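Below, each chain spelled out in residue letters.
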Amino acid sequence: MAVLGDVLNWTRHQVASRVPRADLDQRDPDYIREQLPGLWLLASLYFRADVRGLDRIPADGPVLMVGNHSGGNLPPDTFVFTLAFCSYFGVERPFYQLAHNLVVSMPGLGSLRKFGTVAANHENAELALKSGAALLVYPGGDYEVFRPSWQRHDVDFGGRKGYVKLAREAGVPIVPIASVGGQEAALFLDRGQWLAKLLMVDKMARLKSVPILLAPPWGLTVSDMVPRLPLPTKIAIEVQDPIEPDDIAGSDDDVVHEKVEAALQAGVDRLAAERRFPVLG
C-alpha cells in the first residue's frame, strides 16, 4: 500500500506540474476576426444564441467573469459567450477563458488557444488579469458541468470559491454570467465521481468525474472524452450586474461567494422560466 501511495503521489505531482503556464500571446486576434462571422452564424442557427446584458461588463480593463457551467467537455455556453464577447467588444480586447488542461491539450483543439483558452490554475488566472484582460472562469468545473440533466437549472460550484480570492488580490470586479440550455446538449445521467475514485483518475489526472451520459452518435457513453455531436439546444445567456472591487475587499469570501451564486441562480431562473421545452427552448 505504501508503494501504491508513492506512485499516486508521484503521478499527481507530474499532472499538476504539467499544467502549462499560459502563453497569452497564443491568442490570435487576426484568427478570431477571420473565424468569427462563420462561427457566430453557426451559433445563431444551431444553438439559436441569445446573449443579453453585455453592456453590464466594464468596457475596458481587467474583469473576472464567473459563470455557471453546462454541457460537459463540449460546453456550448462557453462557445456562444466567447463569440458574443468578441463580437461586442471587438477581437482586439484581450479575453481569456480557463479550461481543464486535458481540454487545452487535446489534439485538434489548438484553435481554442487561438481564441484565448488557457489551462485552469490560479497562476494562469492571475497572469491573465495582471495583463489587463477579461477572464472567464467556471468555478464549478467538472463537478457542475457533469451534473444530471434534471438538475440543469441548479447553480452549484461544489463549495469552490477560490475565484473570490483571485478577484480580491487582483482588485477587479466580478461579473456573474448566467446561462441555460447547455445541460440539454446531451442527457447527463450521473457525475460518476464514484467511478473517478474507482479508476483513480481523481488523483492521477485531476478528474473528479467520469460522467455517464446519453449522446449522439454513440448512445450510452462512459466519460466525455470521445467526440460526440451536441444536440441543437437553445443557449440563452444573461450577464448580471458587477460586484465591485470595494465590495469584494470589504467582505469575506463566503459573503461574496453567496452573492455570486445568488445572482447566477436568479439569472438562471429567469432564463429557465422562458423555456417551454428542453432543447427546443
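Above this text you will find the structure in question.
Everything numeric in this text was worked out from a predicted model, so none of it was measured.

Q: How should the packing of helix α6 (residues 122–130) against helix α8 (residues 162–170) be read in this particular structure?
A: Think of two packed helices as two axes; the pair is described by the angle between the axes and how far apart they sit. Relative to each other, α6 and α8 sit at 35°, their axes nearing to 11 Å. Crossing geometry of α6 relative to α8 is assigned as right-handed. Seen from α6, the contacting residues are H122, A125, E126 and L129; seen from α8, they are G162, L166, E169 and A170. Residues that form the contact of α6 with α8 fall into these classes: 4 nonpolar, 2 polar and 2 charged.

Q: How do you make sense of the side chain of R27 when you look at a structure like this?
A: Tracing the chain through its elements places R27 in the loop between α1 (2–17) and α2 (29–46). Buried charged residue R27 carries no salt bridge. Nearest counter-charge: E92, at 6.2 Å. Polar contacts involving the side chain of R27 include one to the main-chain carbonyl oxygen of V91, which spans 2.9 Å. A polar atom in the side chain of R27 sits 3.2 Å from the backbone oxygen of R93. Leave out the neighbours within four places in its chain, and R27 touches I32, C86, V91, E92, R93, P94, F95, Y96, R113, K114, F115 and G116.

Q: How should the nonpolar core be read in this particular structure?
A: A general trend in soluble globular proteins is that nonpolar side chains are found buried together. Judged by nonpolar contacts, the single largest core of 31 residues is most densely connected at L64, V66, L135, Y163, I174 and V260. Going through the elements one at a time, β2 (63–67), β3 (95–99), α6, β5 (134–137), α8, β6 (174–180) and α12 (253–273) are the ones with two or more residues in this core. Sorting elements by how many residues they give to this core places α12 first, with 5 residues. If you look at the next biggest cluster of nonpolar residues, it comprises 27 residues, including L36, A134, L136 and I177.

Q: In this structure, what is going on with the sheet that holds strand β7 (residues 187–190)? I would like to understand it.
A: Two modes of strand pairing occur in sheets, parallel and antiparallel, and in both the strands are linked by backbone hydrogen bonds. On the basis of which strands lie adjacent, the open sheet formed by 3 strands has the order β7-β8-β9 and antiparallel pairing. If you trace the sheet from one side to the other, it starts and ends with β7 and β9 (219–222), each paired once. Pairwise comparison of adjacent strand axes, ignoring direction, gives a mean angle of 25° for this sheet. Pairing analysis gives 3 bridges linking β7 to strand β8 (residues 212–215), with the strands arranged antiparallel. Its bridge partner lying in β8, D190 is registered against I212.

Q: Would you take a moment to explain the pairing of strand β10 (residues 236–239) for this structure?
A: Burial along β10 is two-sided: A236 and E238 facing one way and I237 and V239 facing the other are all buried. Looking at chain direction, strand β1 (residues 50–52) and β10 are connected through 3 bridges and run parallel. Its bridge partner lying in β10, D50 is registered against A236. Two strands pair when backbone bridges link them, and β6 and β10 are joined in this way by 4 bridges, in the antiparallel orientation. Counterpart to I177 in the pairing with β10 is V239.

Q: Even after reading the chapter, I still don't get helix α3 (residues 76–89), so can you show me in this structure?
A: When the terminal C-alpha atoms of α3 are compared, their 20 Å separation across 14 residues agrees well with the 20 Å that a helix rising 1.5 Å per residue should span. Judged by how many residues are buried, α3 sits mostly within the fold: 11 of 14 residues are covered. Among all positions in α3, only P76, D77, T78, V80, F81, T82, L83, A84, F85, C86 and F89 are buried. Within two residues after α3, G90 carries a phi angle of roughly 90°, on the positive side.

Q: Would you explain the sheet that holds β3 in this entry?
A: Reading across from one edge, β1-β10-β6-β2-β5-β3-β4 is the order of the 7 strands in this open sheet, with mixed pairing throughout. This sheet does not close on itself; its edge strands, each paired only once, are β1 and β4 (117–119). Each adjacent strand pair in this sheet contributes to an overall mean axis angle of 25°, direction not counted. In the sheet, β2 pairs with β5 via 4 bridges, with the strands oriented parallel. Along β5, the bridge assignment pairs V66 with V137. The strands that α12 touches are β1, β2, β6 and β10; relative to β6, the one it contacts most, it runs at about 30°.

Cut-offs applied
Residues numbered from 1 in each chain as written. Predicted model: local features only at pLDDT ≥ 70, side-chain atom pairs only at ≥ 80, totals over all residues. Heavy atoms only, no water. Axes fitted to C-alpha atoms, helices over the stretch in contact; angles between N-to-C directions. Helix = DSSP H or I, 4+ residues; strand = E, 2+ residues; numbered from the N terminus. Left-handed = near helix turned anticlockwise from the far one by under 90°. Contact = heavy atoms within 4.5 Å. Nonpolar A, V, L, I, M, F, W, Y, C, P; charged D, E, K, R; others polar. Buried < 20%, exposed > 50% of the residue type's maximum accessible area, 1.4 Å probe, protein only. Lys, Arg positive; Asp, Glu negative; His and termini not counted. Salt bridge = Lys/Arg side-chain N within 4 Å of Asp/Glu carboxyl O. Polar contact = N/O pair within 3.5 Å; in protein donor to acceptor, adjacent residues only side chain to side chain. Core = buried A, V, L, I, M, F, W, Y, C linked by side-chain atoms within 4.5 Å. Pairing = 2+ DSSP bridges. Expected span 1.5 Å × (residues − 1).

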